[in-house]
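Close look at the chain arrangement
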Amino acid sequence: MDANPPVRELAMSISNTALTIEDRKLLFTNLLRADEYDRTMYKRMMSGKLLGFYHPGEGAIAPGIGAATFLNQDDVLSPHHRAHGMAHALAKGVDLKPYLAEHTGKAGGCSEGRSSFHMSFPEHKIYMFSGFIGFNFAPAVGYGYAAKLSGKGQVVMMCSGDGSYGQGRAHEAMLMAQNMKLPIIFWCENNGLAIHAEASEMHPMPDISSLADGYGMPKRIVDGQDVFACAEAAREAIDHAREGKGPMFVECKTLRLKEHDIGTPDLIGSTPRSKEDILKQAEREPVKLAMQKVLADGLFTMDEIDDLRTAARAEVEAAWDWADAQPFPEDGEAELMTHVFAPNAEDAA
Ligand SMILES: Cc1ncc(C[n+]2csc(CCOP(=O)(O)OP(=O)(O)O)c2C)c(N)n1
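Presented here is a report on the structure given in the accompanying data block. None of these values were measured; they are calculated from a predicted model.

Axis separation between helix H2 (residues 21–46) and helix H13 (residues 302–325) bottoms out at 9 Å; the angle between their running directions is 45°. The angle between H2 and H13 places the two elements in the oblique class. Remark: the crossing between H2 and H13 carries right-handed chirality. The segment H2 lies against H13, with Thr29, Leu32, Arg33, Glu36, Tyr37 and Thr40 engaging Leu308, Arg309, Ala312, Arg313, Glu315, Val316 and Trp320. Partitioning the contact of H2 with H13 into residue classes produces six nonpolar, two polar and five charged.

Here we come to unusual backbone geometry. Glycine aside, a negative phi is what most residues show, and trans is what most peptide bonds show. One non-glycine residue with positive phi stands out, namely Lys125, at about 55°. Here Lys125 is to be found in the loop between helix H5 (96–103) and helix H6 (137–150).

Our next topic: the environment of Arg82. Mapped onto the secondary structure, Arg82 falls in the loop between strand S1 (76–78) and helix H4 (86–91). Arg82 sits in the buried class, given 28 other C-beta atoms within 10 Å. Spatially, the C-alpha atoms of Arg82 and Ser160 are 8.7 Å apart, while their sequence positions differ by 78 residues. Aside from chain neighbours lying at most four places away, what touches Arg82 is His55, Gly57, Ala60, Gly161 and Glu189.

Taken in spatial order, the five strands make up an open sheet running S1-S2-S3-S7-S6, and their pairing is parallel. At either end of the open sheet lies a strand with only one pairing partner, and these are S1 and strand S6 (219–223). Adjacent strand axes in the sheet meet at a mean angle of 15°, parallel and antiparallel pairs treated alike. Where S6 and strand S7 (residues 248–253) come together, five bridges link them in parallel fashion. Note that in S7 the partner of Arg220 across the bridge is Val250.

We now examine the site of the ligand. Neighbouring the ligand are 15 residues, the closest being Arg82, Ile133, Gly161, Gly163 and Ala194. Within the residue set of the shell around the ligand, elements represented by two or more residues are strand S2 (156–161) and strand S4 (193–194). Of the residues in the shell around the ligand, the class split is five nonpolar, eight polar and two charged.

With 14 residues, H6 should cover 20 Å at 1.5 Å per step; its first-to-last C-alpha distance of 20 Å lies within 8% of that length. Among the residues making up H6, those that are buried are Phe137, Ala140, Val141, Tyr143, Gly144, Ala147 and Lys148. Each buried residue of H6 sits inside an arc of 165° when the element is viewed along its axis, so together they form one side. For H6, the exposed residues lying more than 90 degrees away from the buried face are Leu149 and Ser150. Of the residues trailing H6, Gly151 is marked for its positive phi of about 70°.

How each quantity is defined
Residues numbered from 1 in each chain as written. Predicted model: local features only at pLDDT ≥ 70, side-chain atom pairs only at ≥ 80, totals over all residues. Axes fitted to C-alpha atoms, helices over the stretch in contact; angles between N-to-C directions. Helix = DSSP H or I, 4+ residues; strand = E, 2+ residues; numbered from the N terminus. Parallel < 35°, antiparallel > 145°, perpendicular 65-115°, else oblique. Left-handed = near helix turned anticlockwise from the far one by under 90°. Contact = placed C-beta atoms within 7 Å. Nonpolar A, V, L, I, M, F, W, Y, C, P; charged D, E, K, R; others polar. Buried ≥ 20, exposed ≤ 12 C-beta atoms within 10 Å, placed from the backbone. Pairing = 2+ DSSP bridges. Near = placed C-beta within 6 Å. Expected span 1.5 Å × (residues − 1). Arc of directions from axis to C-beta.

Next up, the structure:
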């Protein structure tokens, strides 16, 4: 597979000047944290210690960090399912403990162990995780409308992959958002693949963001391997939406270095993905690229980076220890009926 060649030139034209040194340090730190989390999820899943499934984030965690690191607490975030939204959620301040407990079906999980990765964090205004690709477009319009009515300057960061733009609801959402000038960022993490299908097979235009043209919506294309470029594009789109100018479409050209989800063969069509292609793409792994930049710009020394890595690893390990120590939900009828919507419960009994 071609590793998204057009973005290389576009990426060159993006400067990182709008980000302060502190901003860039925070982005890099969040990137390392998400990377550590993703690695442990992979290992856990491979050793049978995770409920459900896992969609590895390797190669694709920069867009989530870029999208969410500079959102306000009051802004609504709908994460993409890659890496189970953790890059996004972590960057918006979610604690890993209830998140990982949820993943292991524990009572201490943020949805009391009922959801695997279909969770929400109302205190962080993070909603709309779903196993249904493109489900989040319609509620995002609702949140966008509510945000506009409230007049408080909130925005909605609506993240998804390229795959979901085949859904009719994506188009309805873009139409309504642009017509009503809703403060929504359509944040597309285009890794060129949807399970075994190439984006080029499913979309007639090489850039998914071309769809925005049909709705007169401004758009940006960024190098999704460059966390700083992603964050800068997010800032621009967030400012645009917050100022009442309506939605913006941001397409992050990213990569997927592992299989779609653990256990699913890594194919394109019915052909295994070439190891050589993956190795070539791995040269653009986002942590590697960001590390080169922060070292070259003197933001961190190698020793400091090692310390950050150690701290990130400790954070993830502590969260796992906490999650592992949590009990499972209690058995029994009362537990079975908890959180079940039954308007005529007496009739059902
Ligand atoms: C409505 C719906 N159709 C199909 C699926 C099966 N499915 C799960 S992930 C996926 C591909 C999604 O691709 P993309 O949005 O590009 O994200 P990626 O997984 O590549 O990061 C599909 C088709 C689904 N979950 N929901």
